Structure formats: structure tokens, C-alpha cells
Amino acid sequence: MIKAILIFNNHGKPRLSKFYQPYSEDTQQQIIRETFHLVSKRDENVCNFLEGGLLIGGSDNKLIYRHYATLYFVFCVDSSESELGILDLIQVFVETLDKCFENVCELDLIFHVDKVHNILAEMVMGGMVLETNMNEIVTQIDAQNKLEKSEPPVMEVHLQKSTLLERKRFLHL
Amino acid sequence: MSDIVEKTLTALPGLFLQNQSVGGPAGVKASFSSRLGGLVRGITALTSKHEEEKLIQQELSNLKATVSAPATTLKMMKECMVRLIYCEMLGYDASFGYIHAIKLAQQGNLLEKRVGYLAVSLFLHENHELLLLLVNTVVKDLQSTNLVEVCMALTIVSQIFPREMIPAVLPLIEDKLQHSKEIIRRKAVLALYKFHLIAPNQVQHIHIKFRKALCDRDVGVMAASLHIYFRMIKENPSAYKDLTGSFVTILKQVVGGKLPVDFNYHSVPAPWLQIQLLRILGLLGKDDQRTSELMYDVLDESLRRAELNHNVTYGLKALTYVIQQDPTLALQHQMTIIECLDHPDPIIKRETLELLYRITNAQNITVIVQKMLEYLHQSKEEYIIVNLVGKIAELAEKYAPDNAWFIQTMNAVFSVGGDVMHPDIPNNFMRLLAEGFDDETEDQQLRLYAVQSYLTLLDVENVFYPQKFLQVMSWVLGEYYYLLDKDTPEEVLTKLYKLLMNASVSSETKAWLIAAVTKLTSQAHSSNIVERLIQEFTISLDTCMRQHAFELKHLRENVELMKSLLPVDKSCEDMVVDASLSFLDGFVAEELSQGAAPYKPHHQRQEEKLSQEKVLNFEPYGLSFSSSGFTGRQSPAGISLGSDISGNSAETGLKETNGLKLEGIKKLWGKEGYLPKKEGKTGDETEAPPVPQESIIMETVDQTLIKKDQCQVLTQSKEEKEKQLLASSLFVGLGSESTVNLLGKADTVSHKFRRKSKIKETKSGETTSAHNRTCSYFSSSSNATYEDGYYLDTLQDRGDKELNKLSLNSGLLDSESLTELPSVEKLSNCKLSSSPSLFTDNSMEGFQPSQSTALSVANETSLAASLLEETSEHMHSDLVEVCHNETISLSSFKIWKDDCLFMVWSVSNKSGLELESADLEIAPAENFKITEQPGCRLPIIEAESIKTFQYSVQVEKPFTEGNLSGFINYQMMDTHSVQLEFSVNLSLLDFIRPLKISTENFGKLWLSFANDVKQNIKVSESQAALPSALKTLQQKLRLHVVEIIGNEGLLACQLLPSIPCLLHFRVHGDVLALWFRSSCSTLPDCLLYQCQKVMEGS
């Protein structure tokens, strides 16, 4: 199962953290730091998997990450998950974010952390992959967003967008 | 209780809101939506961590004021929650907001509720007390007609939900499996999976509904159910074999592109689904030819369609798994593997080495180990070093091509692995040196080489070797320095002395060093250095060292005694040990007559322990340095046996003190004690003894490294060739030579290796069997004694029996000669095979597995004695055949001993031929600790005879279903070896024992336990009566009835080794109310399940 999903930027600032196993607040922060430390020192041309840090469970665990422009997306999973499957799941996640936010960037994640969590909840539930079909996820999110129509949309942050998905093209074409 | 709190909470804001003034809150509200933005901008503008802390603390105190202010609307609260989430993510404590998050989830409209739920799921963990307040909200939302609300509730349930509240929502979620909306069904399946994970027994009854989910018309629901199936099949593959067809069909559809096109991911049809299905099929097809055959087509198809060039590690991992099945497959990818070896990414390199480790054989060992050492020198992470060092040592022992290489490699292992490596490694190494192989000159050369290389290493100035390495060195030098044929060991004594005076050497190592000095002193007694050393250490502050120094000092005064105590090269000779400590008999008698308490055997003390509150710890404090008397300690029961076989007791005592640690190791790790863990290894060691080899001699590891560096300087084309060379040396010996080698060179070499090792194999086989034959003397004599003892037992009381046994034992020892032995053994075997009724009989006494191999007299007598003590009073299961073919039949049964489960497998040879190298292996199983009982390793099963293998099984944590699998190997004359697989189911009940406690203690324990489970179960009329229910529980579950009060009963049991569980039960009409409590969180659940099974079954 998935133990944690972490998003932090190139400086290690957490942008989203979701733990599917109970860790104390302190441990969570340590895990984020450790993970950042492990992931950030890796070159661009090395593989996207590494064996987990000690805090999150040692060698039975794997970190699978992708680096998009300013952000690292890291999934901590145990040995029952497929590395490749998770790697592509990250891509699905980011593409879904891109669809929901239109050219998603780091600021979207900061200002709409609740929405990002909601999107994530449609993909991963209690540590298990629930849905991988992007259209299905977007449909669910849209259905929920209809509720929000009464709310004024918060569009204040779309000014300084540097697209998060710039790198996507390199990765998949 | 949570009800009331919830109502109160609901009422509060309403009250406040009624009296809201229009002006204040509106103003606050306007600025609210941009507050988060402000906060984020504020943080971004900061430059130091300290400032951030100040800002956030400020923000948090503002938030605290806002959330607790009565005027705060839910909408504002929602905004606050988002900011709290942000602060928590940065690592600041926002616990004051938790209760408000729950409130928001309770009271808010959809949007607010959603944020409330989100905050709850991020803030709380599943054991948080506040979570109970959420239960009613969840129940309400699950019943809602609004889909979104139901979805939110399901999501929160699968993320965090208190285990004990599952029954409250379970029926609601079960209903959702039939919901018309796919998304609800999907989430319901996952929520149930979560329940299955945290409380498997509560969802036991809905397994059949999962099957419906698997066949759901919606792909998502089906995919969600795969999570459950993967888990359940992993736990118990045999129960789901019938589903193989369904999984194959689904996979076929997925691979064939039958799913809607939006399930394609980058034009691969539903890759996640494929992965999941393939894993499930892998579990189902494992070790099952018939099931596997169903899958071949679809697997082939999936492989064909899959793109193979994704991420290299992934491929490597897969390849590693494949190679475990068939090493020749690696050949097709050899160049890729070579590329990976030089990959800049250390992770890929490591995976590559893992792969190479799997394909290592006698021919490519040098190259592979060299690669591993290169990697080892670069890596710094401890667990990588530990792991790799272990692998290198294992490979070196298995396949070492020659002495020099072996020693050099082990030197590298010791100096790099140092003190982090597994203690088995140095112990194995020393044992290997001491025991040697069949060829004495070969052994001497190996030892000589080791001595020489250590002397060289110690010559190097200013080098610090790890403590473990120094210990190995000092032992080897002490034991085998004499091989150098020098007149005096002055030179080596100087070196040891230097080390002894070195402050960086640990005191444990110093003990090893001084032991070496002692041994050397006996060879050359007049040494100034020894003199100085004694002077130095007799005043040492370290008592241990002082003791050794004094011993040495006194021994030096009696050279003859010293020489007889420390004979040269006798480290692995078995010592005759007076296991009964008979030389103390006089002393004991004297003490007893003066009123000392008599000795109590272990089991007796155990019983007393249970009845008393406080008892002293009678366990020995580990292995002390001076290991005198350890044999007695090992087998307190042995004291009553075999006075006759004791040797010269005075000598024994002294010898042990001076034999020092090595002798201790010897006994504990001796041939028999060793086997349970390393059975494969010992076999391999004898298979591949170091053979001198001119072709590949590597002087030192360092030199090879240098060589390699030189190679890299060569030109590009040469580098390519180099790689091919490397490839051919790496993959040599896998499959047929012609396809293996790119350069086709190694043919001749490999032949040479092979022939040699084969000769070795047969040779060593012969010698071991010969050795075993001589050893079986005592074993069968004690068996015979035992059987006689049994018959006597029926007539006489226990004390008499002991006496009889003793006399019988001695009688046998006197009268029987070695040649008569097989007949004795057969006799007992025949008795066994001709009367299987003994097993179905209610007691075990009649059956005594024939012990075959024995290392030492002491061990054997103690084993016989302990079996004697133990089997007589234990329940056992019937003998069940687990597998058979035309030659052999393998049966097993369980003995439920007080302290563990004892499994006995008995192999009966039905054929008229002798079976060679028969070996039974039990695969290591998660959650079970399996220890082989000593004394069941005779590689030959004679015609029409029976042989038994015994294992004791311990459990690590409670479980519902368990399974032990293994295989038996044997070889008939001149035919290839045959392997038969089998598996045996284990139940939790196998590890449950009655716990005999008083009602008073029951009460105390009951209050101290935190984990409880309550359940009512319906039973048939006949069962409902208290006595019959009690009887069932007592007999089938092995519970101890503590007390019966009216229609209530108190029962107690323990899960081995010592997790207690208490049961309170009450009978109401046809309902049994069960209430379990335990110190372990999962045990009550598991027991409840067993209880249900038993009550329903009976």
C-alpha cells in the first residue's frame, strides 16, 4: 500500500503531505526532511526509485518520485506496490492536476491545498489506488465542483505561473 | 456518550449565531478569503526559519482566537481549517483546531463538510480519542441520499476509523456494495478492504460479496476488489485457486484492449490493472503446475505487448526474480547487465549485483565477488554493507576456487564489514578452518595461508582493523601458528602483545587475544613477552583480563598440564564432557544432607513460576566468557542420565576454562545446533572446498582492483572487448557453454572445475556418512532405553522409572557393540511402522522418533532425556500423510508442547532400496520461527524404514491462517534426485495453551488489559447449555476454565510464548456473549474467529 504522498519544492518546502499510516507530527516532519534529502541529491539521469529512508520503514519501503519543474512528487510505498505502476500514477496525478487547474503550477498547490487533497482522494483512498482513469477522476472532481459554483472562484494566483508540467513533454514524447 | 457530546456541539454555534450582530462578522468575513494568500506571501517573503516560526506562531494564535470565538461562521471556519492544514503541514502544532474540524464535518454544508473531513483525515490518526465524536457523523452521511456525502464518509472510513466502531458502520457499507452508482460501490469495496486489513475477522462473512465485486460490470469496482484478492491470496493461495480462470479472463480482456479506451495510459491498456492481475496470478501459480498452465497463454500475450525499455531497475528486478527460476535466462541480457554494472546510479548498480549474486557459480565467482568488493568499497550506508558483506561471505564459502582467494576475500570482508556484519560470518569462517574438509593437507595449507596473511596484515603500521577481524586473527594465530614450524612464537607474541596494549582494542577482543597468547605459550613457555604480559595484566582493572592473566601465570608453572590442556590442532575434536556433572555428586549429597534445597528441573520451575507472583530469574545470563559447565546448563534434564559416560571430570573442567570461547562456539554452533539455519550452507561447504587453482589466483583484492584500473585506461575498442570478456566470465557456467560465452574461451577451465568439485562431492559424502554411522551409537541406545522406559512407566511410578532408565542405559552401553546398532534402530523403526495405532492412541509415549545423527554424547543424552520429559505429557495430532510417491511417503503430526509447537515429519521409505542424501527443508515463513531439532540429519534412509525430522515452531504474532511449506529431497541409487513438495496448515490454536491462573489473578489481569472484543454468537440449543459450551471451549480451544459463576464463565489461555488472553462468557438462551481481553491488540480478534469456527462447527 501507499504509506505517504509528499510534494515539496526544490528547496524542500512541503507543499502537500498525506500520510496513510499514523506517524507522530514530529516523525512526519522528519520523514519529509529525510525524503527531501534523499531525493534532492539525485541526478536527473538516474532512475526514479530508491529504497526508503529509515524512518518510513527501511528497506521494505520504496520511494518513487518524479521531478516536475519546481516540485518533487514522492510516493512512499511498501513492497506490495509496483514501482512502475506508481511512477505512472504520479504522472496521472500531475496530469489530472493540470486538467483541473489549467496549467498547474506550484502556486496552485499552495493556495488550493484542499482541492489538491480532494483530487488525491479520488485517486488514492486509504493508501490504496482507487482510480487511475483520468477522465473518471476529472468527472468526479467536476461533480463536486458544481457544488462550489455559488462560491466565488479564487483566481488570484494565476499571475506568476511557471508551468509545472514543462517537463512532462520531455518525459513522455 | 459521543451522542451527547455531539448534540452539545451541534447546539453551541446555533446559539451564538442567533445573536450575531451584523457589522462585526461581515467585516471579518470580507478579509477572510485572502488570509491564506496573505499568510503564504508572508512566509515566502521571510528569510530565516526563525522568522517563519514567529510568523506561524502569530498566525496560530490568531486562528486559535478565531475558531473559538462564538461569532465565527462555518464558512469562516472552513477558511481557518485550510490555514490550519497549511500550518500543520509545515510542522506546527494546531491541535486546538482538531475539535473544530470535527464540528465542521458534522455541521457544515457540503463544501464545509468536505473541508472538515479533509482536516480530520489530515490531523487525526485512527487511535485518536476525538475520532469517536465523528462516528455518528459518518453513520449519518453514509445514510444520506446525497452521493457526495456518502463518498466523503466512505473516504474518511478508509482513511481513519476506530477499529472498535467498525460494527456501527459495517452493515451500511455492505449495503453500498449494491449501490447503483459505480463510484459508491468502488469506494465501499476499498473501505471494506481497509476493515479487512485492520480487523480481518469482522469482515470474514462478506468474502462472498467480494466475489460479486470482482464480477462487477464496472471496471473500477473490479479493480478495487483486486486489492482485496491480492491480499487474501497472498495469505492463503490455496483457497482461491478456483478464481484463477476469472483472473485469466479479466487479464485477457485487459490485454486484448477490451476495456474502454480511456483506461489506456499512454496507449498501454490499463497498466495498473495488468500489474495487479499479473501479481495475483503469480501468487496463484506459485508451486502449482496445474494452475500455472492455465495462465501461460495470457502471460505470453502480456509479455509480448509490454514495452520492455522502461526504467532499468524495474527490468533488473524482474530479471532477478526470473533468474531465481532459471539462471540461463540471464544469458540473453548479459550485455545489458554489464552496462548496468557501470551505471552511475548506485541503486541500479546494487540491483545488478543482486542479480549477479543469484547467478554466481564456481566459475564466475572471482569476477562477481570482485565487482561486489568494488561496490563495497564505495558504499557508506550501513545496511548495504551488512547485506553485501553477508553475500560475499556466503559466496566465498560456497564457491571459493582456492585457498589464497578465499582468505583474501574473507580478509576484505572482515576489514570492510568490520563490526557491523552478522556474527555468523566470523563464526562460520572459524568453524570452516577448524573443521576443515576431507583432505588434511589441503586444510593445513588453508590454515597456513591464513596465518601467513594475518602476520603480514599485522605488520602494517598504523592500520586499524575492526574488532571482529582482530578476534578472528587472534584465534587463527593461536590455533595454527604452529604450522609455520618456527622454533618459538616470539614474533607473533610480540604482535599480540602490541595489540593487547593498544587502547583502541576492545576488552572483548583482548580476551580473544590473551586466549591466543595462552595457546601459544604452551608451545614456547619461556618468553619474556609472556612474562611482561602477565605482570601487566595481573594488576589490570579489568577483572576478566586479570583472571586470564592469573590463569596463564599458574598454567605456566606446570608445563605438562598446560600441554595436555591445550593440545595442538584439536579445536574441533569433541571433548568428552561429563554432562551429568557426576564429580559433584558427593558435594551435592553433602549439601542436601545439610539442608540445601534440591535441584529442580526447568519445567518444574516453569510451573512454579506460573503459580508464584515473583520468582528469580533462573535463565543463564548469556554465554559468559569462561564457558565452564555450559553443557550442564544446556540440558538440565540430562543430569539424571549417563553417569557412566562421564570422562575424567577434573580434566574436563579445566579444559573448558582454557578452551575459551571457541569451545563455547563449538557447542552452540556445532554441527547440529547449526543446521536449522544453515542447512543448505553446510552442504555446500563440503561440496566446494577450496581447490588450488593456477589459472585464477588473485594475490590480493587490492591488486585486482589495480589491475582493473589499468584495464580502464585501454582504448575504446578494447573497452568493448573488455566488457565482453567480463560478460563471458560472469555468465560462465550458466547453461551450455557454447551459448554462454561470447568468446568461447572458458570451456576448458570450466571443465576442470567441474570435474574436481564432483570428485570432492562424492568424497565428502562418504566421509560424512561414515562419521554419522559411528555417531549413531549413542542415539539408538538411548532410544531403546526410552521405549523400555515407557513400558516400565505404565507399571511403576516416576522415580522408579528414572532409576530403571539409568540402569538400562548403562546396560546397553556395556553390552552393545557398534555393529549391532543398525538392528537396534531397525527394531524400533519396525515397531513404529507396524503399529500405526500408536498415533491414534491418546498418548504420545509409544512413539519415539529414531534419532540418527549425534555429534556428542552430551547432546544426545540430553536430547533423549528432554524428549522423555516432554512428550509424555503432551497432546498430539493424528499422523496425516502430506505427500507421497511410489518410493516414499511423508506424514506429519503436531505435538502441542507447553512452550512451543513441535512438528514431526516422518518419511517412510516404501521401496526396497536405500535412499541417499535425503533431506527435508522447511521454507522460512513469515510470522513463524522454525527451529530444527538436533539429531535428525542422517542422509541415508534405509530400505523400508522410517526416519523423522523434528522442528519446533514459534509464532511471532497472532494470525488466523498459517501455512508451512517445504520439500523433501532424496536420491535413489544412481538416479537423479527427486524433490517432493508439501505444505501443512497451521492454526492459531496450535499455539494456544491453557493459562492456569486463579480467579483473583484473572480479575487483576482483566483490568490491566486494554484490548478487548465483544461478540454475540448464536449457537444451537444443544450447545447453548453452559456445560457443553464450556466443554467445547476447553477442549477445542485449549482454554483453561478459571471459574464458573452461574451462567457466566471465566476462561484464560495464552498464545505462545506468553501472550495472555482472557475470555468472559455468558449464556443467554441460544446466544453466547463472548468477551475477550488481551494485552495484544490482535489476539482477541483472532481468538474470536477461532471461537466462532469451533462453536459453529460443533
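Residues numbered from 1 in each chain as written. Chains lettered and ligands numbered in written order. Predicted model: local features only at pLDDT ≥ 70, side-chain atom pairs only at ≥ 80, totals over all residues. Heavy atoms only, no water.

Asks: For this particular structure, what's the right way to read the overall build of chain B?
Replies: Broken down by element type, chain B carries 47 helices and 17 strands. Put simply, chain B shows about 50000 Å² of open surface, and 55% of that area lies on carbon and sulfur atoms. (Helix = DSSP H or I, 4+ residues; strand = E, 2+ residues; numbered from the N terminus. Areas by Shrake-Rupley, 256 points an atom, 1.4 Å probe, with all protein chains shown as cover.)

Asks: Mind showing me how you'd approach the interface of chain B and chain A here?
Replies: How big an interface is tends to be stated in terms of accessible area lost as the parts join. With 58 residues of chain B in contact, the opposing surface of chain A contributes 62 residues. Summed over both sides, the interface of chain B with chain A buries roughly 5400 Å², with 59% coming from carbon and sulfur. Of all residues in chain B, the largest losses of buried area upon contact with chain A belong to Met89(B), Arg114(B) and Trp272(B), amounting jointly to 13% of the total for that side. One can count 4 salt bridges joining chain B with chain A. Across the pair Lys187(B) and Glu122(A) runs a salt bridge whose closest N-O atoms are separated by 3.1 Å. Class assignment of the residues belonging to the side of chain B that touches chain A gives a composition of 29 nonpolar, 14 polar and 15 charged. (Contact = heavy atoms within 4.5 Å. Buried area = accessible area lost by both parts, 1.4 Å probe. Salt bridge = Lys/Arg side-chain N within 4 Å of Asp/Glu carboxyl O. Nonpolar A, V, L, I, M, F, W, Y, C, P; charged D, E, K, R; others polar.)

Asks: Just to check I follow, could you spell out the pairing of strand β4 (residues 62–68) of chain A for this structure?
Replies: Residue and element names in this part refer to chain A. In terms of residue burial, β4 counts as a mostly covered element, since 7 of its 7 residues are buried. In this structure, strand β3 (residues 49–51) lies alongside β4, joined through 3 bridges in antiparallel fashion. Bridge pairing links Leu50 to Leu63 in β4. Pairing geometry for β4 and strand β5 (residues 71–77), over 7 bridges, is antiparallel. Bridge assignment links Tyr65 to a residue of β5, and that residue is Val74. Hairpin remark: β4 followed by β5, antiparallel, with 2 residues in the connecting loop; positive phi at Ala69, about 40°. (Buried < 20%, exposed > 50% of the residue type's maximum accessible area, 1.4 Å probe, protein only. Pairing = 2+ DSSP bridges.)

Asks: Any chance you could explain the nonpolar core here in plain terms?
Replies: Proteins that are soluble and globular tend to have nonpolar side chains buried together. Residue and element names in this part refer to chain B. One finds Phe195 and Phe247 to be the most contacted residues of the largest nonpolar core, which totals 169 residues. No other element matches helix α13 (residues 219–235), which puts 11 residues into this core. Excluding anything up to four places from it in sequence, Phe195 contacts Val157, Phe161, Ile166, Val169, Leu170, Ile173, Pro200 and Val203. One finds Ile385, Ala412, Val413 and Met562 within the second-largest nonpolar core, a separate group that totals 82 residues. (Core = buried A, V, L, I, M, F, W, Y, C linked by side-chain atoms within 4.5 Å.)

Asks: Looking at this structure, how should I read the side chain of Ser474(B)?
Replies: Residue and element names in this part refer to chain B. With respect to the element layout, Ser474 can be found in helix α25 (residues 467–480). The class of Ser474 is buried, set by a relative accessible area of 0%. A polar side-chain atom of Ser474 sits 2.9 Å from the main-chain carbonyl oxygen of Gln471. Apart from residues lying up to four places away in sequence, Ser474 is in contact with Leu496, Trp512, Leu513 and Ala516. (Polar contact = N/O pair within 3.5 Å; in protein donor to acceptor, adjacent residues only side chain to side chain.)

Asks: Please explain the packing of aromatic side chains as it appears in this structure.
Replies: Pairs of aromatic rings are described using the distance from one ring centre to the other and the angle between the two planes. Considering all chains together, one arrives at 21 aromatic pairs over all chains under this definition. For the ring pair Phe8(A) and Tyr72(A), a centre distance of 5.9 Å and an interplane angle of 50° mean the geometry is tilted. With a gap of 64 residues between them, Phe8(A) in strand β1 (residues 2–9) and Tyr72(A) in strand β5 connect regions that are remote in the sequence. As far as the burial class goes, Phe8(A) and Tyr72(A) line up, both buried. Pairing Phe414(B) with Phe429(B) gives two aromatic rings, centres 5.3 Å apart and planes at 75°, and the pair type is edge-to-face. Residue Phe414(B) is found in helix α22 (residues 403–417), and its partner Phe429(B) is found in helix α23 (residues 424–435); the two are separated by 15 residues along the sequence. Owing to a relative accessible area of 0%, Phe414(B) belongs among the buried residues under this scheme. Chaining the aromatic ring pairs together yields one cluster made of Phe406(B), Phe414(B), Phe429(B), Tyr454(B), Tyr465(B) and Phe469(B). A cation over an aromatic ring shows up here: Lys391(B) above the ring of Tyr357(B), its NZ or CZ 5.1 Å from the ring centre. (Phe/Tyr/Trp six-rings, centres within 6.5 Å; stacked < 30°, edge-to-face > 60°. Lys NZ or Arg CZ within 6 Å of the ring centre and 35° of its normal.)

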